[in-house]
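Inside the fold
Residues per chain are reported as follows:
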Amino acid sequence: MTITLRHATVDDLRAVGALHQRSRVAAYSSFLPAEALADPTEEAMGWYWVERWTWERDDHLMTVAERDGRLVGFSYVGPDDAGDPVTGLLNAIHLDPAERGRGTGRALMDDALATMRDRGQARAALWVLEGNAPARRFYERGGWRPTGERREDRIGTALTRQLRYARAV
C-alpha cells in the first residue's frame, strides 16, 4: 500500500476535480458555512480543472498521488502570482479525506519543492485560508512561515481571508 506520485494527464482532471471538491468540504466545513461549500459540484469542479489545465499546462505542473491505483491526492505548482521569477507558487495540495495523516500530503509537498528546485526557483510561496488551522500547522511543520501578506477571496458565498506563507526550496 505504497503511495505513488506521477505527473497528471488530461485524463486525470475530472477525477482530480471530484477529489478537490471532497477535500474542500472536509477541510473547510469547520469554519465555512455548508452553503458556501455546496457549489461547485464534484462534476463542475472536474470541468473547472479541465478548463484551467487548458490555459496553464505550459507553466504549471500537477502531480497526482495514487494508492493501490486509486487517486488520493494532488498538488499543483506554477509561477509566483506576484511575478517573482525566483519564487514558485504551490497553488494547491488536496487529499481525499481518508488519506489525511498517512504521509501523502508531505510526499506531495516534498515533490512540489523538488519541482521548484528543478525549475531553478530558490523560494516557494503559497496561500492558505486563515481559518484552516490544520493546514497552517501542516505547512509550518514543513518549514513554511507566514510572510504577513493577506488577501481576501470568496469560496461560494463566503468571504475568506488568506495568508501567504513562504520558505526556501
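If you're wondering where the values come from, they're calculated on a predicted model, not measured in any experiment.

1. Some thoughts on the environment of Ile-3
- On the secondary structure map, Ile-3 appears in strand β1 (residues 3–7).
- Taking C-alpha positions, Ile-3 is 7.7 Å from Asp-68, a pair spaced 65 residues apart along the chain.
- Setting aside anything within four residues of it in sequence, one finds Ile-3 in contact with Ala-65, Glu-66, Arg-67, Val-72, Glu-99 and Thr-104.

2. Concerning unusual backbone geometry
- Of note, the amide linkage connecting Asp-39 to Pro-40 takes the cis form, showing an omega dihedral of 10°.
- With respect to the helices, strands and loops of the structure, Pro-40 is situated in the loop between α2 (34–37) and α3 (42–56).
- One non-glycine residue with positive phi stands out, namely Asp-68, at about 55°.
- Looking at where Asp-68 falls in the secondary structure, it is placed in the loop between β2 (61–67) and β3 (70–79).

3. Quick notes on the sheet that holds strand β6 (residues 145–155)
- Strand order across the open sheet formed by seven strands is β1-β2-β3-β4-β5-β7-β6, with mixed pairing between neighbours. In the strand order of this sheet, the two ends are held by β1 and β6, each with one partner. Here the strands of the sheet are splayed against their neighbours by 25° on average, with no regard to which way each runs.
- Relative to strand β4 (residues 87–95), β3 is paired through seven bridges, and the arrangement is antiparallel. Bridging across to β4, Gly-78 finds its partner in Leu-89.
- Packing of helix α4 (residues 104–118) onto the sheet brings it into contact with β1, β2, β3, β4, β5 (123–129) and β7 (158–168), and relative to β4 it is tilted by some 160°.
- Relative to the sheet, helix α5 (residues 133–141) contacts β4, β5, β6 and β7, its axis offset from that of β5 by approximately 165°.

4. With respect to the side chain of His-94
- With respect to the helices, strands and loops of the structure, His-94 is situated in strand β4.
- In this view, His-94 contacts Leu-19, His-20, Ser-23, Arg-24, Tyr-28, Val-72, Gly-73 and Phe-74; residues no more than four positions away in its chain are not counted.

5. Quick look at the packing of α4 against α5
- For the pair α4 and α5, the least separation of the axes is 11 Å and the interaxial angle reads 55°. Taken together, the axes of α4 and α5 lie oblique to each other. Considering how the two elements wind past one another, α4 and α5 form a crossing that is right-handed. Between α4 and α5, the contacting residues are Gly-105, Arg-106 and Met-109 on the first element and Phe-138, Tyr-139 and Arg-141 on the second.
- Classifying every residue of the contact of α4 with α5 gives three nonpolar, one polar and two charged.

6. A few points about α4
- Its 15 residues place the ends of α4 21 Å apart at the C-alpha level, agreeing with the 21 Å of an ideal helix rising 1.5 Å per residue.
- Every buried residue belonging to α4 is among Thr-104, Gly-105, Leu-108, Met-109, Ala-112, Leu-113, Thr-115 and Met-116, and all of these are buried.
- Phi for Gly-120, located one or two positions after α4, is positive at around 80°.

About the thresholds
- Residues numbered from 1 in each chain as written.
- Predicted model: local features only at pLDDT ≥ 70, side-chain atom pairs only at ≥ 80, totals over all residues.
- Heavy atoms only, no water.
- Helix = DSSP H or I, 4+ residues; strand = E, 2+ residues; numbered from the N terminus.
- Contact = heavy atoms within 4.5 Å.
- Pairing = 2+ DSSP bridges.
- Axes fitted to C-alpha atoms, helices over the stretch in contact; angles between N-to-C directions.
- Parallel < 35°, antiparallel > 145°, perpendicular 65-115°, else oblique.
- Left-handed = near helix turned anticlockwise from the far one by under 90°.
- Nonpolar A, V, L, I, M, F, W, Y, C, P; charged D, E, K, R; others polar.
- Expected span 1.5 Å × (residues − 1).
- Buried < 20%, exposed > 50% of the residue type's maximum accessible area, 1.4 Å probe, protein only.

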